[in-house]
Amino acid sequence: MKNSERILLQFKDDERKGFRLLYDSFYDSLVLFATQFIGEAEEAADIVQECFVDFWVNRRFSLLQGSLERYLFSAVKHGCLNYLRNTRRREGKHEQIRDELYCEVSSENSELIEKLYLAIEMLPEERRRILHMVCMEGMKYQEVADYLGISINTVKTQMGRAFQFLRRALGADDALILVLFFKKIVSCCHPK
């Protein structure tokens, strides 16, 4: 009996043991595959874990037709492509916004833009991620909540805390750049 057949049978008997066997059998090779694909080991590991969780939570093992290996490598490949597409889109928006802000803001205020980006980078990871998804990627609060598996109230709270932190970090005099920055983002992400 092939290892993949044994894994699928184990899922039918005991899903936890099946998941453990799946993880032990494929995790390292899938992370290596994803790392070669996107060039970032940490992100590659996240992609593989998301594919495993999807496989288990959505009971893909019960509907699987064909090769388990082919399915897993294909799922990881699609996860990598989505990651690369989202990263390029996000980087493109960052670059476009920076260029537009630098054109509109006088050179003495360009320090404020850098200060804003540094302040954003100081946000806790989850808060920064939510801020990026809403402001840079143009996602609605509900879309972010669904994507991250959290409540919409958590998204609203995190956004509020992010803005409070940024206002404090920039100071009262520099808060205008915050308004200009997010006005630009909203117009880029949500054209009329």
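Computed from a prediction, not measured in an experiment: that's the story for all the values here.

Cut-offs and rules
- Residues numbered from 1 in each chain as written.
- Predicted model: local features only at pLDDT ≥ 70, side-chain atom pairs only at ≥ 80, totals over all residues.
- Heavy atoms only, no water.
- Patch = residues over 30% accessible without salt bridge, like charges linked within 9 Å, V, L, I, M, F, W, Y side chains within 5 Å.
- Areas by Shrake-Rupley, 256 points an atom, 1.4 Å probe, with all protein chains shown as cover.
- Salt bridge = Lys/Arg side-chain N within 4 Å of Asp/Glu carboxyl O.
- Lys, Arg positive; Asp, Glu negative; His and termini not counted.
- Charge placed at Lys NZ, Arg CZ, Asp CG, Glu CD.
- Helix = DSSP H or I, 4+ residues; strand = E, 2+ residues; numbered from the N terminus.
- Buried < 20%, exposed > 50% of the residue type's maximum accessible area, 1.4 Å probe, protein only.
- Disulfide = S-S within 2.5 Å.
- Axes fitted to C-alpha atoms, helices over the stretch in contact; angles between N-to-C directions.
- Left-handed = near helix turned anticlockwise from the far one by under 90°.
- Contact = heavy atoms within 4.5 Å.
- Nonpolar A, V, L, I, M, F, W, Y, C, P; charged D, E, K, R; others polar.

1. Topic: a negative patch on the surface
And then number 1: Together, Glu40, Glu42, Asp46, Glu50, Glu125 and Glu126 give the surface a local cluster of negative charge.
And then number 2: Put simply, the parts of the chain that give the negative patch at least two residues each are α3 (41-57) and α7 (125-136).
And then number 3: The leading source of residues in the negative patch is α3, at three residues.
And then number 4: With respect to the helices and strands, the residue Asp46 is situated in helix α3.
And then number 5: Its relative accessible area of 33% is what places Asp46 among the partly exposed residues.

2. Quick look at the environment of Asp54
And then number 1: Residue position: Asp54 is located in helix α3.
And then number 2: Look at Asp54 and you get partly exposed, because its relative accessible area is 24%.
And then number 3: Through-space distance from the C-alpha of Asp54 to that of Ala75 is 9.6 Å; in sequence the pair is 21 residues apart.

3. What to know about the state of the cysteines
And then number 1: Summed over all chains, the structure comprises zero disulfides.
And then number 2: Free of any disulfide, Cys51 has its nearest cysteine sulfur in Cys80, 7.7 Å distant.
And then number 3: When its relative accessible area of 12% is taken as the criterion, Cys51 is described as buried.
And then number 4: Note on Cys80: relative accessible area 0%, which makes it buried.

4. As for the packing of helix α2 (residues 15-38) against α3
And then number 1: Packing of α2 against α3 brings their axes to within 8 Å, and their N-to-C directions diverge by 145 degrees. Crossing handedness for the pair α2 and α3: right-handed. The segment α2 lies against α3, with Glu15, Arg16, Phe19, Leu22, Tyr23, Phe26, Tyr27, Leu30, Val31, Ala34, Thr35 and Ile38 engaging Ala41, Glu43, Ala44, Ala45, Ile47, Val48, Gln49, Phe52, Val53, Phe55 and Trp56.
And then number 2: The residue inventory of the contact of α2 with α3, partitioned by class, reads 18 nonpolar, two polar and three charged.

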